[in-house]
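# Analysis of the macromolecular model
Here is how the chains run, residue by residue.
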Protein chains: 2
Amino acid sequence: MEKMGILGPRGTHSEAAAVKLNEILNEKFELVIFKEIFEALNAVEEKKVDAAFVPVENSLEGSINITLDTLAHSDSLIVSRELVYPVHNFLMAREFINFLSVKKIFSHSQPISQCRNYLQKNFPTAEINSVSSTARAAEIVAKSEIEEGFAAICSERAGNLNNLKTLAKEIQDNNSNCTRFLEVRCRQKNFDIFKMNGEKNLIICQIDGSKPGALYEVLGEFTRRNVNMTRIESRPARTKLGEYIFFFDLEVDSDKKFLFESVEAVSRKSIWLKNLGIFPVIRA
Amino acid sequence: MEKMGILGPRGTHSEAAAVKLNEILNEKFELVIFKEIFEALNAVEEKKVDAAFVPVENSLEGSINITLDTLAHSDSLIVSRELVYPVHNFLMAREFINFLSVKKIFSHSQPISQCRNYLQKNFPTAEINSVSSTARAAEIVAKSEIEEGFAAICSERAGNLNNLKTLAKEIQDNNSNCTRFLEVRCRQKNFDIFKMNGEKNLIICQIDGSKPGALYEVLGEFTRRNVNMTRIESRPARTKLGEYIFFFDLEVDSDKKFLFESVEAVSRKSIWLKNLGIFPVIRA
């Protein structure tokens, strides 16, 4: 059975999504829990697991920076699948306490942001604490005294694992709240990305930011060949302020000819370019 | 004396940067402390302060999402100045304890990320805790028992305010680590942005993501007129996955003619466009 690294502890949205992927694909893999996203990805490079399954973007909160940065700075990771997973945030506590009794709310920073308007409206005076994961938040609440008024924003699964009661369901500010997860594997040496199959291609490149119009020229290579870019994201190159790495999600055309040509052309216009893989997108 | 809202408590990098701005401009303003960045920005809209001074981007960690999102979703905020401020992260504790005695490290999530490699190398087993600000981290450490082995990543100022001792200086992974801060004010009705002076223009727009090549066409409006774009950033439109808002930093040309024309043209190609202001960039 393959080993797949995910962000733990048990009950995170990552675990719930991985279990869902398992069901959809009808493949069995053993989940290996890591404390941080980058540790799960490093374990792939070190061959301690066969794959990692990590969040890369949320529809409300945007990119998961640590995932993008780790992918950008690795030389051996490729993406083998994407899962689009709807997020359900629950507010849970030890007992069915009144909203007015909630004094401290614990969660991961992403769900806190996803529920920002809800929290401002319903809990304007509660102290909001960001901890390492939603599952950790549920644990903290489970260990608290009822009179402390602790509550967690977490998956229903994390709450149930900790015997918490539901104070409110689906508290995210927007009901189309989805998270994209990537299954990441280690690439073989000299592996040909263009032999992979799927509907999406993820490439990363650094463009000379001091050259005006450089990004425009790069996008032109896609537009000219009708290669549809569904997403562009920038991250600091970590060299100096004002230098960026760009992430492009590209749609794969039927014979990959135009995709291949445009990626080659962009590569010539970039300081460096990495092709992170062609992969299928699965919707949960 | 003008009131300026910043992220508190006393001793955050935001406070240190605001004090620096004060020195450079030789203007006096009263600092008003807020618990969250969005609260400082909301206070500007509600006329409780004259301006807010908030971080918008770090050279290692990228955008401060809450700042971008609050600017994007407000109808009255404009940017009046930018400060580029070098960040100095210190590791501080109650006493000069040995690295091996450090069991828990507290800081804000941004400095934790800025020092990611340093922490992995020097404190692989320490528990890393993210709290609401670096100043709060210093407070927690100041209140701890020495044998608990707590340390904070914070500004030297925050450490000194809490009588902490320096275990290590300048622990950020990259010495060109800078943070960009924006001074944000409320715009008058019918105020003409193009009457503002400065070297930079920040615009925000939503482009129809379902139209292939839409972003390319928008960038073409700048490139065609030699308007230099120094930064592009995308954030989720918070409507559904795959829809984005774009932030463009543009260089201002001498008579603003080409800037004005390109912004007008982009406005016609966008679902909506907001001009956040023309402003000077000050280097600390």
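Conventions we followed
All residue numbers refer to position in the chain's written sequence, counted from 1. Chains carry letters and ligands carry numbers; both start at the beginning, A for chains and 1 for ligands, and go up in the order they are written. Restriction of local features to residues with pLDDT of at least 70 applies here, the model being predicted, together with a cutoff of 80 or more for giving and counting side-chain atom pairs; totals for whole chains, interfaces and linings are based on all residues. At least two DSSP bridges between two strands are needed for those strands to be called paired. Helix and strand labels come from DSSP, where a helix needs a run of H or I of at least four residues and a strand needs a run of E of at least two; each type is numbered from the N terminus. Working convention: axes come from line fits to C-alpha atoms, limited for helices to the stretch in contact. Angles between N-to-C directions cover 0 to 180 degrees. Throughout, a pair of residues is in contact if the C-beta atoms placed from their backbones lie within 7 Å. In this scheme the burial state of a residue depends on its C-beta neighbours within 10 Å: 20 or more other such atoms mean buried, 12 or fewer mean exposed, and anything in between means partly exposed; the C-beta positions come from the backbone. Per the annotation, domain bounds derive from an automatic or database assignment of domains. Gly counts as polar in this scheme, as do all residues outside two lists: the nonpolar Ala, Val, Leu, Ile, Met, Phe, Trp, Tyr, Cys and Pro, and the charged Asp, Glu, Lys and Arg. Here, a nonpolar core means buried Ala, Val, Leu, Ile, Met, Phe, Trp, Tyr and Cys residues linked by C-beta atoms lying within 7 Å of one another.

We now examine the sheet that holds strand E13 (residues 229-236) of chain B. Residues and elements named next belong to chain B. Ordered by their spatial adjacency, four strands build an open sheet running E13-E14-E12-E15, and the pairing between neighbours is antiparallel. At either margin of the open sheet sits one strand with a lone partner, and together these are E13 and strand E15 (272-279). Neighbour-to-neighbour, the strand axes of this sheet turn through a mean angle of 15 degrees, independent of strand direction. Inspection of the sheet shows strand E12 (residues 200-206) paired to strand E14 (residues 244-251) by seven bridges, in the antiparallel sense. Along E14, the bridge assignment pairs Gln 206 with Ile 245. Packing against the sheet, helix H3 (residues 65-72) makes contact with E12, E13, E14 and E15, and its axis sits at approximately 85 degrees to E13.

Residues and elements named next belong to chain A. Mapping Gly 220 onto the fold places it in helix H8 (residues 214-224). Using a count of 20 C-beta atoms within 10 Å as the deciding quantity, one classes Gly 220 as buried. Residues Gly 220 and Lys 169, 51 residues apart in the sequence, show an inter-C-alpha distance of 45 Å.

All names here are of chain A. Assigned domains of chain A: these are domain 1 (1-87 + 176-191), domain 2 (90-168) and domain 3 (193-284). When each unit is reduced to the centre of its C-alpha atoms, the spacing between domain 1 and domain 2 is 25 Å. On the side of domain 2, 13 residues touch domain 1, which itself brings 13 residues to the contact. For the side of domain 1 that touches domain 2, a count of residues per class yields five nonpolar, six polar and two charged.

Time to look at the nonpolar core. Ranked by internal contacts, the top residues of the largest apolar core, which has 110 residues, are Ala52(A), Val54(A), Ala52(B) and Val54(B). Among all residues touching Ala52(B), those that are not within four sequence positions of it are Met4(B), Gly5(B), Ala40(B), Leu41(B), Ala43(B), Val44(B) and Val184(B).

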